[in-house]
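# Structural overview for review
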Amino acid sequence: MDIAMSVVLRARFSLLLGYYADMLFSKHNEAFIKTMDFLFHSVGYENKTPETVIALQSIDTLNTVVSDSDLAPRLEPMLPRIVEILCQLTGVICYPAYFEFLSEFVKFYAVVLKDYVHSILGSVINRILAEQHKIQSNTEEKTPGTVVIGKCWNVIKMICERHEYMPEMHSMIEEMLKQLYVFMTDPKKISFEDDITMNMK
């Protein structure tokens, strides 16, 4: 009963932050940072556990928080910390909604993310490589990894489509994406050949 109540309270707190984050702790920056840490780390709860509801609610709240222009000035100093957490989460999270949030994050903060976007891109590429390895090692024709790969490619597309990153960062981004382009030597083994083709145009 105590565990269930704890889950409900944390999920409700996350929901509350979606409505009032811009008004909370306006004069207490340390408390604000701890609150944001709660949200980002809550996303990391594993799927199919009692805490799943907290993770999904936190992802939804973060979508609201990162697109709030009033909160942007308070979040920008936290970007190195946020990017580090996101890169760690990208390697393990299986919630499709998380990758949708990540796409919005690289879009909304594009102006100030230039020094950090390579880390995010690298974590997304590594996740694609890891999921592809699992798929090739699996005898089944389709695994849940194909969904994650598709969502990861949406993040890559968002980065490549933003004028804040391209064409200025074209050479760096293209060099990083070569790790994925090599799969085109045998496209029958992958599900994202169209993504590669479209991205190379």
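Attention in this report is confined to the structure presented alongside it. Note that this is a predicted model, so its numbers are computed, not measured. (Residues numbered from 1 in each chain as written. Predicted model: local features only at pLDDT ≥ 70, side-chain atom pairs only at ≥ 80, totals over all residues. Heavy atoms only, no water.)

## With respect to the overall build of the chain
Regarding its fold elements, the chain presents 10 helices and 0 strands. Secondary structure of the chain in N-to-C order comes out as α-α-α-α-α-α-α-α-α-α. Rg of the C-alpha trace for the chain: 18 Å, near the compact-globule value of 17 Å for 201 residues, within the 12% margin. In terms of its C-alpha atoms, the chain occupies a principal-axis envelope of roughly 55 × 45 × 20 Å. (Helix = DSSP H or I, 4+ residues; strand = E, 2+ residues; numbered from the N terminus. Rg over C-alpha atoms; globule rule 2.2 N^0.38 Å.)

## Some words on the pattern of salt bridges
When their charged atoms lie close together, side chains carrying opposite charge are able to pair. All told, the structure shown has 11 salt bridges when counted by the stated rule. Between Arg 162 and Glu 164 there is a salt bridge; the shortest N-O distance is 3.1 Å. The exposure class assigned to Arg 162 is partly exposed, which follows from its relative accessible area of 22%. Where salt bridges share partners, they join Arg 127, Glu 131 and Lys 134 into one cluster. (Salt bridge = Lys/Arg side-chain N within 4 Å of Asp/Glu carboxyl O. Buried < 20%, exposed > 50% of the residue type's maximum accessible area, 1.4 Å probe, protein only.)

## Notes on the nonpolar core
Ranked by size, the top nonpolar core spans 62 residues in total, and within it Tyr 98, Phe 105, Ile 156 and Tyr 165 carry the most contacts. Breaking this core down by element, the ones donating at least two residues are helix H2 (29-42), helix H3 (52-66), helix H4 (72-75), helix H5 (79-90), helix H6 (96-108), helix H7 (117-137), helix H8 (145-161) and helix H9 (170-181). Ranked by residues supplied to this core, first place goes to H8 with 9 residues. Not counting residues within four places of it along the chain, the set of residues in contact with Ile 156 comprises Leu 121, Val 124, Ile 125, Ile 128, Leu 177, Leu 180 and Asn 199. (Core = buried A, V, L, I, M, F, W, Y, C linked by side-chain atoms within 4.5 Å. Contact = heavy atoms within 4.5 Å.)

## Re the environment of Asp 22
Here Asp 22 shows up in the loop between helix H1 (2-20) and H2. Residue classification places Asp 22 among the partly exposed positions, given a relative accessible area of 31%. The spatial distance from the C-alpha of Asp 22 to the C-alpha of Lys 151 is 29 Å, given a sequence separation of 129 residues. Ignoring anything within four residues of it in the chain, the contact list for Asp 22 reads Asp 68, Asp 70, Leu 71 and Arg 74.

## Concerning the packing of aromatic side chains
Each pair of aromatic rings is reported with the distance of its centres and the angle of its planes. Counting across every chain of the model gives 10 aromatic pairs. Between Tyr 98 and Phe 101, the ring centres sit 6.1 Å apart and the planes meet at 50°, which makes this aromatic pair tilted. Here Tyr 98 pairs with Phe 101, and both are found in helix H6, just 3 residues apart, close to one helical turn. Relative accessible area serves as the criterion here: at 1%, Tyr 98 is assigned to the buried category. Geometrically, the ring pair formed by Trp 153 and Phe 192 is tilted, given 6.0 Å between the ring centres and 35° between the ring planes. A residue pair is termed long-range when its members are at least 10 positions apart, and Trp 153 in helix H8 and Phe 192 in the loop between H9 and helix H10 (193-200) qualify at 39 residues. Judged by relative accessible area, Trp 153 falls into the buried class, the value being 0%. For Phe 192, a relative accessible area of 1% puts it in the buried group. Joined through ring pairs, the aromatic side chains of Phe 40, Tyr 98, Phe 99, Phe 101, Phe 105, Phe 108 and Tyr 109 make up one cluster. (Phe/Tyr/Trp six-rings, centres within 6.5 Å; stacked < 30°, edge-to-face > 60°.)

## Remarks on the environment of Glu 164
Relative to the assigned elements, Glu 164 resides in the loop between H8 and H9. Among the residues examined, Glu 164 registers a relative accessible area of 10% and is labelled buried. Separated by 112 residues in sequence, Glu 164 and Thr 52 have C-alpha atoms that sit 35 Å apart. There is a polar contact of 3.1 Å between the side chain of Glu 164 and the side chain of Arg 162. Polar side-chain contacts of Glu 164 include one of 3.4 Å to the side chain of His 163. (Polar contact = N/O pair within 3.5 Å; in protein donor to acceptor, adjacent residues only side chain to side chain.)

## Thoughts on unusual backbone geometry
Trans peptide bonds make up the majority, and among non-glycine residues the majority have a negative phi. Here the residue pair Met 166 and Pro 167 is connected by a cis peptide bond, since its omega of 5° sits within 30 degrees of zero. Although it is not a glycine, Phe 25 adopts a positive phi angle of roughly 55°. The class of Phe 25 is partly exposed, set by a relative accessible area of 32%.

Any functional reading would require information beyond the geometric quantities listed.
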